[in-house]
Amino acid sequence: MAVMSWIRYAAWAILLAPLCAINGAAPRIPHSQTPRMRALPRLTVWAWERREDLRSLDPHTTAVAYLDRTITLDARGITTTPRRQPLLLPAADNLTRIPVVRIETAPGAQLNDDTAEITARRILEAALRNDLEAPVPALQIDFDAKLSERPWYRTVLEHTRQELPPAVPLSMTALASWCSYDGSWLRGLPVDEIVPMLFRMEPDRRQFAPNDRPAIPQQFAIRESACMGSVGISTREAWPRVLAGRRVYVFPDRGWQRDGLSETVKELW
């Protein structure tokens, strides 16, 4: 594990040094988190749509952000698909469980004020379910919004924040490009956290030939201050140097049983 950690660190030092710097300067100090976010553990593991056994997690150090449902908008309307796979969690009352709502759109989707309000209500159902004894500790939304979809997404976030209990933080994931050179639209969003996903950046990587990757241009520097407080990484890709002082989310590419839950948590903690 120590050898793999060094390889992982060295790889990112070469590949993403420009991503972690601004105009050749040292990495910026992480954006201060809102008081609502500071109450959560620094480390969070993502649990997507597969069977996961996370009973070995220490609830004092690690939170779980699990896919709760997927909301799809297409020509037929709006469909909500709940999580289908089981999730085995520690029997601990103090475990931080963060529901994640994924939004997907397809051709023919009507993105207007009405569907924004309906989508927000469907999102809020994940946080305000009748079977929950108390509001969730946080709520996260995952949506790869296209340029034309961003005004609609802002409206969804505004409706969600307005109806979410004041003490519950609202988190959103972000493409790496949003936090680098395409992030002006993020400013002023009613969220407590924006998590840049520094993995699987295929739309950005396709701009370069494979042998050009060590020279990723300066445009990939994280410039948006709202993206400085957290970072999303994966188990199968090298980790960047921007983890210190940030909240860290980890995605298991092959599932936690294969990617080593305990080992990953130990290495990050």
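Calculation criteria
Residues numbered from 1 in each chain as written. Predicted model: local features only at pLDDT ≥ 70, side-chain atom pairs only at ≥ 80, totals over all residues. Heavy atoms only, no water. Buried < 20%, exposed > 50% of the residue type's maximum accessible area, 1.4 Å probe, protein only. Helix = DSSP H or I, 4+ residues; strand = E, 2+ residues; numbered from the N terminus. Right-handed = clockwise from strand over helix to strand, strands pointing away. Disulfide = S-S within 2.5 Å. Contact = heavy atoms within 4.5 Å. Axes fitted to C-alpha atoms, helices over the stretch in contact; angles between N-to-C directions. Parallel < 35°, antiparallel > 145°, perpendicular 65-115°, else oblique. Left-handed = near helix turned anticlockwise from the far one by under 90°. Nonpolar A, V, L, I, M, F, W, Y, C, P; charged D, E, K, R; others polar.

Caption draft 1: Molecular detail of the pairing of strand 8 (residues 170–175). By the criterion of burial, strand 8 is predominantly enclosed, with 5 of the 6 residues buried. Once the chain exits strand 7 (residues 139–142) it traverses helix 4 (residues 150–163) before rejoining the sheet at strand 8, and the crossover so formed is right-handed.

Caption draft 2: Summary view of the state of the cysteines. One pass over the full model with this rule turns up 1 disulfide. The side chain of C179 participates in a disulfide bridge whose partner is C227; the two sulfur atoms lie 2.1 Å from each other. The disulfide joining C179 to C227 has a torsion of about -75° about its S-S bond and is therefore left-handed. Of this pair, C179 sits in the loop between strand 8 and strand 9 (193–197) while C227 is found in the loop between helix 5 (202–205) and strand 10 (230–234), placing the two residues 48 residues apart along the sequence.

Caption draft 3: Seen up close, the environment of C227. Residue C227 is classed as buried on the basis of its relative accessible area, which comes to 1%. A sequence separation of 31 residues divides C227 from P196, and the C-alpha atoms of the two residues are 6.3 Å apart. In this view, C227 contacts C179, L186, I194, P196 and I222; residues no more than four positions away in its chain are not counted.

Caption draft 4: Broad picture of the packing of helix 3 (residues 113–127) against helix 4. Here helix 3 crosses helix 4 at 45°, and the two axes come no closer than 8 Å. Judged by the inter-axis angle, helix 3 sits oblique to helix 4. As for the relative orientation of helix 3 and helix 4, their crossing is right-handed in sense. Where helix 3 approaches helix 4, its residues D113, T115, A116, E117, T119, A120, I123 and L124 are matched on the opposing element by W152, T155, V156, H159, T160 and E163. Considering only residue class, the contact of helix 3 with helix 4 consists of 6 nonpolar, 5 polar and 3 charged.

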